[in-house]
Amino acid sequence: MKPSPLRYHRPTSLSEALDLLAELGDVGKVMAGGQSLVPLLSMRLAAPAHVVDVNALPGLAGVEVGDDAVRVGALVRHSGLERHDGAAGAIPLLRRAVRHVAHPTIRNRGTTVGSIVHADPSGEMPAVLTLLGGHLVVRSVQGERSVPAAELFAGPLETSLRPDELAVAAVFPRTDGETGCGVAEISRRHGDYAVAGVVASVHVHQGRVAGVRACFVSAGEVGVVVDLSDSLAGHDARTADWGVAGELARELVETEQDIHASADYRSQLVRVLTTRAVREAGLEALDRVEAA
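So, here's what we can say about the structure. (Residues numbered from 1 in each chain as written. Predicted model: local features only at pLDDT ≥ 70, side-chain atom pairs only at ≥ 80, totals over all residues. Heavy atoms only, no water.)

1. Examining the overall build of the chain
- Counting secondary structure elements, the chain contains twelve helices and 14 strands.
- The C-alpha atoms of the chain give 19 Å as radius of gyration, which agrees with the globular expectation for 292 residues (19 Å, within 12%).
- Taken over the C-alpha atoms alone, the chain extends approximately 60 × 45 × 30 Å along its principal axes.
- The buried share of the chain, reckoned over its 292 residues, is 51%.
- Nonlocal contacts in the chain, meaning residues at least 24 apart in sequence, comprise 64% of its contacts between residues at least 6 apart.
- Treating the 28 positive side-chain charges of the chain as one cloud and the 36 negative ones as another, the clouds have centres 7 Å apart. (Helix = DSSP H or I, 4+ residues; strand = E, 2+ residues; numbered from the N terminus. Rg over C-alpha atoms; globule rule 2.2 N^0.38 Å. Buried < 20%, exposed > 50% of the residue type's maximum accessible area, 1.4 Å probe, protein only. Contact = heavy atoms within 4.5 Å. Lys, Arg positive; Asp, Glu negative; His and termini not counted. Charge placed at Lys NZ, Arg CZ, Asp CG, Glu CD.)

2. Overview of the sheet that holds strand β7 (residues 143-148)
- Spatially, β4-β5-β10-β6-β7 is the arrangement adopted by the five strands of the open sheet, whose pairing is antiparallel. Strands with a single pairing partner mark the edges of an open sheet, and in this sheet they are β4 (63-65) and β7. For this sheet the average axis-to-axis angle between neighbouring strands, irrespective of direction, equals 20°.
- Relative to strand β10 (residues 166-173), strand β5 (residues 69-73) runs antiparallel, the two sharing five bridges. (Pairing = 2+ DSSP bridges. Axes fitted to C-alpha atoms, helices over the stretch in contact; angles between N-to-C directions.)

3. What to know about the layout of surface pockets
- Approximately 480 Å³ is the volume attributed to the second largest pocket.
- In terms of lining residues, the second largest pocket is bounded by 21 residues, among which Ala219, Gly220, Glu221, Glu254 and Glu256 are the most central.
- Looking at which element gives the most residues to the lining of the second largest pocket, the answer is strand β8 (residues 153-155), with three residues.
- Split by residue class, the lining of the second largest pocket holds eleven nonpolar, five polar and five charged. (1 Å grid on protein atoms, 1.4 Å probe; cavity = no way out; pocket = protein on both sides within 12 Å on 5 of 7 lines; lining within 4 Å. Points joined across faces, edges and corners; volume = space filled by probe spheres on them. Nonpolar A, V, L, I, M, F, W, Y, C, P; charged D, E, K, R; others polar.)

4. As for the sheet that holds strand β13 (residues 208-217)
- Read across the open sheet, the four strands follow the order β11-β12-β13-β14; overall the sheet is antiparallel. Either end of the sheet is taken by a strand with one partner, and the two such strands are β11 (179-187) and β14 (225-227). Taken over all neighbouring pairs, the strand axes of this sheet differ in orientation by 20° on average, direction set aside.
- Across nine bridges, the pairing between strand β12 (residues 194-205) and β13 is antiparallel. In the sheet register, valine 202 faces β13, and the bridge partner there is valine 212.

Right, here's the structure in full:
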């Protein structure tokens, strides 16, 4: 199929892009990597009158690694983030999670910020931003503001961003020296949409589990962190039965049936994958504490 008739714009400065978005309002749609938008246009599941291509905007293609966070520009491709050693060293979860995003050819073009703004419940990077307590930096003709992940996602494929706002960066906070992260996912083929997935963090203090949190992919609500601390708080992190966290996750996370899996099967995947992810996170936390 072909997209509905539309007008294509390619601004060459940020101010030009913001002026254009302010003028277009609801009838405009931003395109960065286009790996989500173009299929929607081709299937006519989206039919904006105008598409604003931001790929010519300067200054949005960098990854900045700071003492407290990693800032990922709006035009950073998934593959660029995947290969960025500084970002992986600061937040190992970024590289581990982005390797689950689609297939290599798509990662070469798709953008991390675009994936987050797309707000797909099957997307890994919205879950990572939410788990880490990150935020988007957005700009409009009215100025700049930060939108915390907890306030960003309004539902499947919906965010709280205004039509005139452009997301210019995603900021992922570093975890402290007692926290580790893990990721686990199942898909029909590696790179396909996840049947179910989870990113998790475990906080360990004085050798004991102090906190367990998880955010789910293709299960539950997009951009929602589930607190699993009650399952393991106070347990020795070296001998903890991480499966208890998986059982609690299965109880707390609502799953739905689709053509890929029944709700019951997806619920079982939530249990198994949570167990794997929190185990990985707990072991990483212990390694970080011992290395300090």
